[in-house]
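Summary of structural features
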Amino acid sequence: MSSIRVVLAEDGALLREGLAGLLQRFGFAVAASVGDAEALVAAVEEHEPDLVVTDIRMPPDFSDEGLRAAVRMRRTRPALPVVALSQYVESSYAAELLDSQNGHGIGYVLKERVVDVADFADTLRRVHGGGTVIDPAVVRQLVRRRSTPLERLSEREREVLSLLAEGHSNARIARDLVVSEPTVGKHIGNILAKLDLPPDGTDVDRRVMAVLTYLREQPD
Amino acid sequence: MNKETTAPPEDRKTPPGTPWEALRRPRFLWSLWPWRSLGYLASTVLTGTVLAVLISPITFPFLSLGSALEEMVQGQNHPTWFLAVLLGLGLALLLAFGPLVSVPVARLERWRVRLVHPRLRSGHRPTGKGALRWVRIRYTEAATWREFAYLLLLVVVFGYVSWTVVYLFVLMGPFLIASPLITAFGETVALFPWEFDTPASTLPLVAAGLVLLVAAPYAVAVTAHAHAALARLLLDDRGTEGLRSELVEVTRSRARLVDAFETERRRIERDLHDGAQQQLISLAMQVGLARMDAPPGSDMERTLTSVHAQAKEIIGSLREIVHGIHPKVLSDRGLPAALPELADRSAVPVRTRVDLSRRLPVHVENTAYYVAAESLSNVTKHAGATGVRLNASLDGDTLVLETIDDGQGGADPDGGTGLTGLADRVAVVGGRIWLSSPPGGPTRLRAEIPCHPSG
């Protein structure tokens, strides 16, 4: 099978090189690696990659250029999978990115996750496959907001939802929680019902919608 | 590099504080200042007249003396002892009751002068209770006698000067300009030795009237300023003036220190983030890759696994430290994003409501964030609360930040340095803190921070 072509944006030269090496090690093809948001947009135009991996904080302003570039690119290329690397747990950034195309093919992970090299490669593959991956730390923070409709969920259901947000399959969730797969299915059914996401025959991915409900939840 | 903004020095032109300052600005004629000055002069005329009548019970010997002297000039004779008695009686009455009148008059005048001058402060010492104490302190204070001098000047000089300026420039101008019209109706305009009875002959009058009218705003402003300057000389607190300007300087330098401190924090945050943190992640990533290549179950694999785990732990701690130094989300997205994130981190559940329509000046955001972080950590440590509400909203140009917890109450500002530190930090930016914490709760902490849009 042909390898996944990636455009990589990261302003730290050391880390950029390291990431490129990591990607190659796991069979990705690095089409371009750049150091700022402008170059990122240009590289995506030129190479039309299968996946974008970008740091959020980049030159010239070192605020959220990478994120804004990603959101912009998703507008013109809705199907372009993007993994954003964040320095901190900042759910407002995550929410913004996930609002584009209902969060399909989006990853929002802490930068330090690259340290777990195999997991990181796995994350990239899941996002490339159209999945949504939210960093466990972000999800934990969001789940702790005890505001409606999240407070309707039981402790177990929150656990399941947080694993859903990480982009795992039912089988993997069942393995993590040491329960059977049908049990996971039942939990997910309850979550969707409690979050007012009834089956409506459309092709909107309700699992992703459930995760988005978390992220859009503003505490009041 | 980073476009970090330290609060720029305040070089915005402040609005004029007196008619004299206003006069030197290009837009003087279109400003409110000519009208404020006119209002001041007109009210001076009124005040002077009313006061002259009101204090006539203590000035009548002088008034009588005045008419007696006038009669003497006209040839009538008065005995010397009569004049001496009037003079003595007048002085005695004035000195005895003058201060009594001048203290409230001075208060009125300090209030009135704010029409054209920044606020003046009374130089009186506090007297405590008791009419006798009041009299003794007031009659022995320099401030009282300066006010007394002001009262005399107001009645004898300022009133007339103000009236003359208003009459000559403001009333006379339109009258002269209207003179062709008056003569056209067959009336005669009389001015000193001259009389004018045809519209053509009044043309010089019109010219003079125009000159007066154009000069009027300036004359009025200069007079108002002169009066206000005298009022400041006689009615303002002089004892503490030097102290006050020193206090202003101290306040400013304190604000500068806080700014410098904040800038330094950001620099450290940036250095850690761009330097150590990146290098550490890169290193740990290499270790992770190396670990994959090591023979499974070998000593090398075990060592690398342990190193990897330690590196990850260090990265996590470093992230927390860097975030604690200066939360990036605060400078990026302001309080509406930063406060909920802060609330998420709190051990006690927090309900946040942030109602801000615009970004606030940097120092206000920093202070507000600091206050919120400190209050939440206080709640966690001391209150024994199960829930906190954190509200931030704008009340005009004031940011109001409130935390209300359902804990046991009884928070005491004297108990530790936490609350005092908060109050200090808020005071630096000109804000205030209120605390209500009855035993049994709830505890309510309210910070008000002024924030002018241009900051």
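Residues numbered from 1 in each chain as written. Chains lettered and ligands numbered in written order. Predicted model: local features only at pLDDT ≥ 70, side-chain atom pairs only at ≥ 80, totals over all residues. Heavy atoms only, no water.

Some words on the overall build of chain B
Helix and strand content of chain B: 14 helices and seven strands. Counting only residues that meet the buried cut, chain B has 41% of its 455 residues in that class. Of all intrachain contacts in chain B linking residues separated by at least 6 positions in sequence, the fraction that spans at least 24 positions is 68%. Of the accessible surface of chain B, which amounts to about 24900 Å², a share of 64% is contributed by carbon and sulfur atoms. (Helix = DSSP H or I, 4+ residues; strand = E, 2+ residues; numbered from the N terminus. Buried < 20%, exposed > 50% of the residue type's maximum accessible area, 1.4 Å probe, protein only. Contact = heavy atoms within 4.5 Å. Areas by Shrake-Rupley, 256 points an atom, 1.4 Å probe, with all protein chains shown as cover.)

Brief notes about the UniProt feature "transmembrane region" (unreviewed entry) in chain B
Residues given the UniProt feature "transmembrane region" (unreviewed entry) here are residues 38-60, 81-101, 148-170, 175-194 and 206-235 of chain B. Taken end to end, residues 206-235 of chain B has its terminal C-alpha atoms 42 Å apart, with 100% of it in helix and 0% in strand. (UniProt positions renumbered as here; feature names shortened; annotations may be inferred.)

Let's talk about the sheet that holds strand 3 (residues 51-55) of chain A
Residue and element names in this part refer to chain A. The strand order across the open sheet formed by six strands is 2-1-3-4-5-6, and the pairing between neighbours is parallel. Looking at which strands have only one partner, the edges of the open sheet turn out to be strand 2 (29-34) and strand 6 (132-134). For this sheet, the mean inter-axis angle between neighbouring strands, taken without regard to orientation, is 15°. In the sheet, strand 4 (residues 82-86) pairs with strand 5 (residues 106-110) via five bridges, with the strands oriented parallel. The residue of strand 5 that forms the bridge with Ser86 is Leu110. Lying on the sheet, helix 3 (residues 65-76) is in contact with strand 3, strand 4 and strand 5; it crosses strand 3 at an angle near 155°. (Pairing = 2+ DSSP bridges. Axes fitted to C-alpha atoms, helices over the stretch in contact; angles between N-to-C directions.)

Details of the side chain of Ser179 of chain B
Tracing the chain through its elements places Ser179 of chain B in helix 7 (residues 179-184). Residue class for Ser179 of chain B comes out buried when judged on its relative accessible area of 0%.

Side note on the interface of chain A and chain B
In this complex, chain A contributes 36 residues to the contact, which on the side of chain B involves 38 residues. Roughly 3500 Å² of surface becomes buried between chain A and chain B when both sides are summed, with 50% attributable to carbon and sulfur atoms. At the surface where chain A touches chain B, the tally comes to five salt bridges. Note that Lys312 of chain B and Asp116 of chain A form a salt bridge whose closest N and O atoms lie 2.6 Å from each other. On inspection of chain A and its partner chain B, the count reaches seven residue pairs in polar contact (both at pLDDT 80 or more). Of all elements in the fold, only helix 1 (13-25) and helix 4 (91-98) of chain A reach the threshold of two or more residues within the side of chain A that touches chain B. Here the side of chain A that touches chain B takes six residues from helix 1 of chain A, the largest share from any one element. Its residues placed into classes, the side of chain A that touches chain B shows 16 nonpolar, six polar and 14 charged. (Buried area = accessible area lost by both parts, 1.4 Å probe. Salt bridge = Lys/Arg side-chain N within 4 Å of Asp/Glu carboxyl O. Polar contact = N/O pair within 3.5 Å; in protein donor to acceptor, adjacent residues only side chain to side chain. Nonpolar A, V, L, I, M, F, W, Y, C, P; charged D, E, K, R; others polar.)

Let's talk about the UniProt feature "modified residue: 4-aspartylphosphate" (unreviewed entry) in chain A
Residues and elements named next belong to chain A. Here, UniProt's "modified residue: 4-aspartylphosphate" (unreviewed entry) annotation points to Asp55. For Asp55, the position within the fold is in strand 3. Judged by relative accessible area, Asp55 falls into the buried class, the value being 2%. Not counting the four nearest positions on each side in its chain, Asp55 is found in contact with Ala9, Glu10, Asp11, Gly66, Leu85 and Lys111.

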